[in-house]
Amino acid sequence: MKFVIVLACLAAVAFAAPAEEVQILRLDSEVGPESFQYGFETSDGNKQEAEGHLENAGTEEEAIAVRGSFSFIADDGQTYTVNYVADKNGYQPQGAHLPVAPEA
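What comes next is a walk through the structure. What you see is a predicted model, and the numbers here were worked out from it, not measured in a lab.

### Topic: the overall build of the protein chain
Moving on, step 1. Secondary structure summary: the protein chain contains one helix and six strands in total.
Moving on, step 2. Listing the helices and strands of the protein chain from first to last along the sequence gives α-β-β-β-β-β-β.
Moving on, step 3. A fraction of 10% describes how many contacts in the protein chain between residues 6 or more apart in sequence connect residues 24 or more apart.

### As for the side chain of T42
Moving on, step 1. Counting through the fold element by element, T42 comes out in strand β2 (residues 35-42).
Moving on, step 2. Excluding residues within four positions of it along the chain, T42 makes contact with V22, Q23, I24 and L25.

### Let's talk about the packing of aromatic side chains
Moving on, step 1. Applying the stated criterion across every chain yields a total of four aromatic pairs.
Moving on, step 2. With a centroid separation of 6.3 Å and 15° between ring planes, the pair formed by F36 and Y38 is classed as stacked.
Moving on, step 3. Classification of F36 as partly exposed rests on a relative accessible area of 22%.
Moving on, step 4. Each member of the aromatic cluster is reached from another via a ring pair, and the members are F70, Y84 and Y91.

### A few points about the sheet that holds β2
Moving on, step 1. The six strands are arranged β1-β2-β3-β4-β5-β6 in an open sheet whose pairing can be described as antiparallel. The open sheet is flanked by β1 (24-31) and β6 (90-94), the only strands paired with a single partner. For this sheet the average axis-to-axis angle between neighbouring strands, irrespective of direction, equals 10°.
Moving on, step 2. Relative to strand β5 (residues 79-87), strand β4 (residues 63-73) runs antiparallel, the two being bridged by eight bridges. Bridging across to β5, S71 finds its partner in T81.

### What to know about the pattern of salt bridges
Moving on, step 1. According to the stated counting rule, one finds two salt bridges in the structure shown.
Moving on, step 2. Taking the shortest distance from any N to any O, the salt bridge between D28 and R26 comes out at 2.7 Å.
Moving on, step 3. Residue class for D28 comes out partly exposed when judged on its relative accessible area of 41%.
Moving on, step 4. Under the relative-accessibility criterion, R26 is labelled partly exposed at 25%.
Moving on, step 5. Its salt-bridge partner being R26, residue E49 comes within 2.4 Å of it at the nearest N-O pair. You can see E49 sitting in strand β3 (residues 47-55) and its partner R26 sitting in strand β1, a full 23 residues away along the chain.
Moving on, step 6. When salt bridges with common partners are traced through the structure, they connect R26, D28 and E49 into a single cluster.

### Quick notes on unusual backbone geometry
Moving on, step 1. Of note in this structure, N56 is not a glycine but carries a positive phi near 55°.
Moving on, step 2. Relative to the helices and strands, N56 resides in the loop between β3 and β4.

### Some words on the environment of E55
Moving on, step 1. Mapped onto the fold, E55 is located in strand β3.
Moving on, step 2. For E55, a relative accessible area of 29% gives the class partly exposed.
Moving on, step 3. Separated by 21 residues in the primary sequence, E55 and E34 place their C-alpha atoms 8.5 Å from one another.
Moving on, step 4. Not counting chain neighbours up to four residues away, the residues in contact with E55 comprise E61, E62, A63 and A65.

Rules behind the numbers
- Residues numbered from 1 in each chain as written.
- Predicted model: local features only at pLDDT ≥ 70, side-chain atom pairs only at ≥ 80, totals over all residues.
- Heavy atoms only, no water.
- Helix = DSSP H or I, 4+ residues; strand = E, 2+ residues; numbered from the N terminus.
- Contact = heavy atoms within 4.5 Å.
- Phe/Tyr/Trp six-rings, centres within 6.5 Å; stacked < 30°, edge-to-face > 60°.
- Buried < 20%, exposed > 50% of the residue type's maximum accessible area, 1.4 Å probe, protein only.
- Pairing = 2+ DSSP bridges.
- Axes fitted to C-alpha atoms, helices over the stretch in contact; angles between N-to-C directions.
- Salt bridge = Lys/Arg side-chain N within 4 Å of Asp/Glu carboxyl O.

Right under this line is the structure:
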């Protein structure tokens, strides 16, 4: 019985392994004491860009504000892109494929 369980686990791991290795095509980053920015692109079509900065430095309202985007190729073959802002008002994503709440 143990042999069957081990064999099933090994089969699951083998089928879960990626078919091809993903390569990093581009990677940029710059990090400072009060700001950062980065971007990367991989061979499987994933892309990501972001920049952030410290707002109200040295005050009670000190916070980081980030603006960025990411895109990926989904199982349906389409490329989906999300643009976002993350700041004192929370995470605010936008994308043509994302649902939008009705006006209040």
